[in-house]
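# Analysis of the macromolecular model
The chain contents come next:
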Amino acid sequence: MSVCIKDQIQNLNLVIGCTVGCPYCYARNNVKRWHMIDDFAKPEFFPNKLRMMEKQRPQNFLLTGMSDLAVWKREWLDQVFIKMAENPQHQFLFLSKRPDMLDIDTDLENAWFGVTVTRHSELWRINALRENVRAKHYHITFEPLFDDPGEVDFCGIDWIVVGTMTGSQSRKIHTEPAWAYSLMEQAHALSIPVFMKEDLVPIIGEENMIQEMPDAYIKVLEEQKKWHR
């Protein structure tokens, strides 16, 4: 039985808002529905949420579920990095669609920086990530997958996630199984773990789902289980 990635990685929305302007953005819709901030195009930082990073029970945290790392101010990131260094029991993930706007240098072992790639024309983001972010870990999210990315340079990449469109727009988007299989085969050739999101089940079938996570994330999940005993 496939698992939901949200059960493995918790959203911690320290910043809400984005200026990238994706037409399918679920975060913008949620902000409008729940009135989280006044203007989604003007990102806001919520430093009071930093205390959630002090939890002793290990967590895998996604910090950009309602934002893009490229819109974070340097002072926000500096505060977050300090907390990350103080809490090595957690793993922290960042995502961006504008890695060309980033300039980050960190040796934090629990920091994972990634890009979203939805189509072949966006493969440039992977090179931009490696060029503009000097870090220990890189990942790529291919979601929602709009076309065949083709051959991908996975050099230095530690994890990939593959998914398709969800919600009301899912009827307009058709992700071919072959695209997901190709990404999986390319990644596995380099021993890179692959996580197919649960929304791919209707497309490729439960029996064909691959849901692998990096060792660091698995360690966190194993430690979590001990807290329930």
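Here, every reference points to the structure presented above.
The paragraphs below set out a description of the structure included in this document. (Residues numbered from 1 in each chain as written. Predicted model: local features only at pLDDT ≥ 70, side-chain atom pairs only at ≥ 80, totals over all residues. Heavy atoms only, no water.)

### Focus: helix H4 (residues 177-188)
For clarity, the cut-off: Put simply, DSSP H or I for four residues or longer makes a helix, DSSP E for two residues or longer makes a strand, and each gets a number counted from the N terminus. Each residue after the first adds 1.5 Å to the expected span of a helix. Each residue gets one of three labels from its accessible area relative to the maximum for its type: buried under 20%, exposed over 50%, partly exposed in between, using a 1.4 Å probe on protein chains only. What the arc measures is the spread of directions leading from the helix axis to the C-beta atoms. Residue contacts are counted whenever heavy atoms from the two residues lie within 4.5 Å of one another.
Helix length check: H4 (12 residues) gives 16 Å between terminal C-alpha atoms against 16 Å at 1.5 Å per residue, within 8%. Burial in H4 covers these residues: Trp179, Ala180, Leu183, Met184, Gln186 and Ala187. Projected down its long axis, H4 carries its buried residues within an arc of 165°, all on one side. Lining the buried residues of H4 we find strand E9 (137-142), strand E10 (159-162) and strand E11 (194-196).

### Quick notes on the packing of aromatic side chains
This is how it is decided: Aromatic pairing here means that ring centres of Phe, Tyr or Trp (its six-membered ring) are within 6.5 Å. Orientation follows from the plane angle: under 30 degrees is stacked, over 60 is edge-to-face, and everything else is tilted. Criterion for a charge above a ring: Lys NZ or Arg CZ within 6 Å of the ring centre, and within 35 degrees of the ring normal.
Here the structure, examined in full by the defined rule, presents 10 aromatic pairs. Centre to centre, the rings of Phe45 and Trp76 are 5.5 Å apart; their planes meet at 20°, and the pair counts as stacked. Of this pair, Phe45 sits in strand E3 (residues 44-45) while Trp76 sits in helix H2 (residues 74-86), and the two are 31 residues apart along the sequence. The pair formed by Phe45 and Trp76 is uniform in burial state, with each residue classed as buried. With a centroid separation of 6.1 Å and an interplanar angle of 80°, the aromatic rings of Phe142 and Phe154 are classed as edge-to-face. Of the two residues, Phe142 sits in strand E9 while Phe154 sits in the loop between E9 and E10, which places them 12 residues apart along the sequence. Under the relative-accessibility criterion, Phe154 is labelled buried at 3%. Taken together, the ring pairs in this structure connect Trp72, Phe81, Phe94 and Phe113 into an aromatic cluster. Of note, Lys49 hangs over the ring of Phe46, and the distance from its end group to the ring centre comes to 5.2 Å.

### Examining the side chain of Thr141
In this fold, Thr141 is placed in strand E9. For Thr141, the residues in contact, after removing those within four places along its chain, are Leu95, Val115, Thr116, Val117 and Val161.

### What about the nonpolar core?
Proteins that are soluble and globular tend to have nonpolar side chains buried together. Quick reminder of the rule: The term nonpolar core refers to a set of buried residues drawn from Ala, Val, Leu, Ile, Met, Phe, Trp, Tyr and Cys, joined through side-chain atoms within 4.5 Å.
Grouped together as the largest cluster of nonpolar side chains are 51 residues, with contacts concentrated most on Trp72, Val80, Phe94, Phe113, Phe154 and Ile160. Among the elements of the structure, H2, strand E5 (91-96), strand E7 (111-116), helix H3 (124-132), E9, E10, H4 and E11 are those that each provide at least two residues to this core. Setting aside residues up to four positions removed in sequence, Trp72 forms contacts with Leu14, Val15, Leu63, Thr64, Ser67, Leu77, Val80 and Phe94. Among the nonpolar cores identified, the runner-up in size contains 12 residues, and Ile16, Cys22, Met66 and Phe146 belong to it.

### Quick word on the environment of Glu54
Relative to the helices and strands, Glu54 resides in the loop between E3 and strand E4 (60-62). Residues contacting Glu54, with those up to four places away along its chain left out, are Lys83, Asn87 and Gln89.

### Remarks on the pairing of E7
Each regular strand displays side chains that alternate between the two surfaces of the sheet. What counts here: Any two strands with at least two DSSP-identified bridges between them are counted as paired.
When you tally the buried positions in E7, you get 6 out of 6 residues, the bulk of the element. Here E7 shows no split at all, with Ala111, Phe113 and Val115 on one side and Trp112, Gly114 and Thr116 on the other all buried. As paired strands, E5 and E7 are joined by 5 bridges and run parallel to one another. When the sheet's bridge partners are listed, Phe92 is paired in E7 with Ala111. Bridge count between E7 and E9: 5 bridges; the pairing is parallel. Across the sheet, residue Trp112 finds its bridge partner in E9, namely His137.

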